[in-house]
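Single-letter residue listing:
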Amino acid sequence: WLMKSEPDVYSWDDLVAEGEGTWDGVRNYTARNNMRAMKLGDEVFFYHSNIGVEIVGIAEVSQEAFQDPSDETGRWSAIRLKPVRKLARTVTLKEIKADPALADMDLLTKFRLSVSGVKSSEWDYILKLAAA
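Anyway, here's the lowdown on the structure attached to this text. (Residues numbered from 1 in each chain as written. Predicted model: local features only at pLDDT ≥ 70, side-chain atom pairs only at ≥ 80, totals over all residues. Heavy atoms only, no water.)

What follows covers the overall build of the chain. Counting secondary structure elements, the chain contains five helices and six strands. Against the 2.2 N^0.38 benchmark of 14 Å for 132 residues, the chain shows a C-alpha radius of gyration of 14 Å, consistent with a compact globule. Seen along its three principal axes, the alpha-carbon backbone of the chain occupies a region of about 45 × 30 × 25 Å. In the chain, which comprises 132 residues, the share counted as buried stands at 45%. (Helix = DSSP H or I, 4+ residues; strand = E, 2+ residues; numbered from the N terminus. Rg over C-alpha atoms; globule rule 2.2 N^0.38 Å. Buried < 20%, exposed > 50% of the residue type's maximum accessible area, 1.4 Å probe, protein only.)

Turning to the nonpolar core, a few remarks are in order. Counting residues in hydrophobic clusters, the biggest one holds 19 residues, and the most contacted among them are Met 3, Trp 23, Met 35, Met 38, Ile 79, Leu 81 and Val 115. For this core, the elements supplying multiple residues, two or more each, are helix 1 (12-18), helix 2 (29-37), strand 3 (43-48), strand 4 (54-67) and strand 5 (77-92). Setting aside anything within four residues of it in sequence, one finds Met 35 in contact with Met 3, Trp 23, Val 26, Ala 65, Ser 77, Ala 78, Ile 79 and Val 115. Counting 18 residues, the second largest nonpolar core, distinct from the first, contains Ile 55, Ile 96, Leu 129 and Ala 130. (Core = buried A, V, L, I, M, F, W, Y, C linked by side-chain atoms within 4.5 Å. Contact = heavy atoms within 4.5 Å.)

A few words on the side chain of Ser 116. Inspection of the secondary structure assignment puts Ser 116 in strand 6 (residues 115-116). You can call Ser 116 buried: its relative accessible area is 1%. With residues near it in sequence (within four places) discarded, Ser 116 still touches Trp 1, Leu 2, Asn 34, Asp 106 and Leu 107.

Reading across the sheet, the six strands line up as 2-5-4-3-1-6 and stay open at both edges, with mixed pairing between neighbours. Strand pairing shows two members of the sheet lacking a second neighbour, strand 2 (21-23) and strand 6, which therefore form its edges. Packing of helix 2 onto the sheet brings it into contact with strand 1 (2-5), strand 2, strand 4, strand 5 and strand 6, and relative to strand 5 it is tilted by some 95°. Relative to the sheet, helix 5 (residues 120-131) contacts strand 3, strand 4 and strand 5, its axis offset from that of strand 5 by approximately 45°. (Pairing = 2+ DSSP bridges. Axes fitted to C-alpha atoms, helices over the stretch in contact; angles between N-to-C directions.)

Within the element layout of this structure, Ser 11 appears in the loop between strand 1 and helix 1. Taking the relative accessible area as the measure of exposure, Ser 11 reaches 10% and is therefore buried. A distance of 3.3 Å separates a polar side-chain atom of Ser 11 from the backbone nitrogen of Asp 13. Among all residues touching Ser 11, those that are not within four sequence positions of it are Glu 6, Phe 46 and His 48. (Polar contact = N/O pair within 3.5 Å; in protein donor to acceptor, adjacent residues only side chain to side chain.)

Quick look at the packing of aromatic side chains now. Two measures describe an aromatic ring pair: the distance that separates the ring centres and the angle between the ring planes. Enumeration over the complete set of coordinates arrives at five aromatic pairs. With a centroid separation of 6.4 Å and 90° between ring planes, the pair formed by Tyr 10 and Trp 23 is classed as edge-to-face. With Tyr 10 in the loop between strand 1 and helix 1 and Trp 23 in strand 2, this residue pair connects regions lying 13 residues apart in the sequence. By relative accessible area, which is 16% here, Tyr 10 ends up buried. A relative accessible area of 7% means that Trp 23 is categorised as buried. (Phe/Tyr/Trp six-rings, centres within 6.5 Å; stacked < 30°, edge-to-face > 60°.)

Below, the structure written as structure tokens:
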């Protein structure tokens, strides 16, 4: 999984400071369905959007989908995340776009989604980039 957040609204450092955060306010059906598919313990790339535009860390699903507390309609879901670790080296959107091995990544093909899937091969490849 990959979850996007604008760092001036909610950053990796904010998640680390909280120790566990609620991911709410998602108002896209595909992103919501992705959150509903997440299982306890699933790992998630934490991506800073708009500012930085880079994968900065790995978080873990600490509570599966539940009713979004900011939604009165009952349509939307939220999850809880806890930080696992900051990447040794961030992986930028520019790097991802330039790498043919990642050309089919949801981050590029479904770029408007705030919550997207990551194939295991993409996950492993990004971890190698982050360790370089």
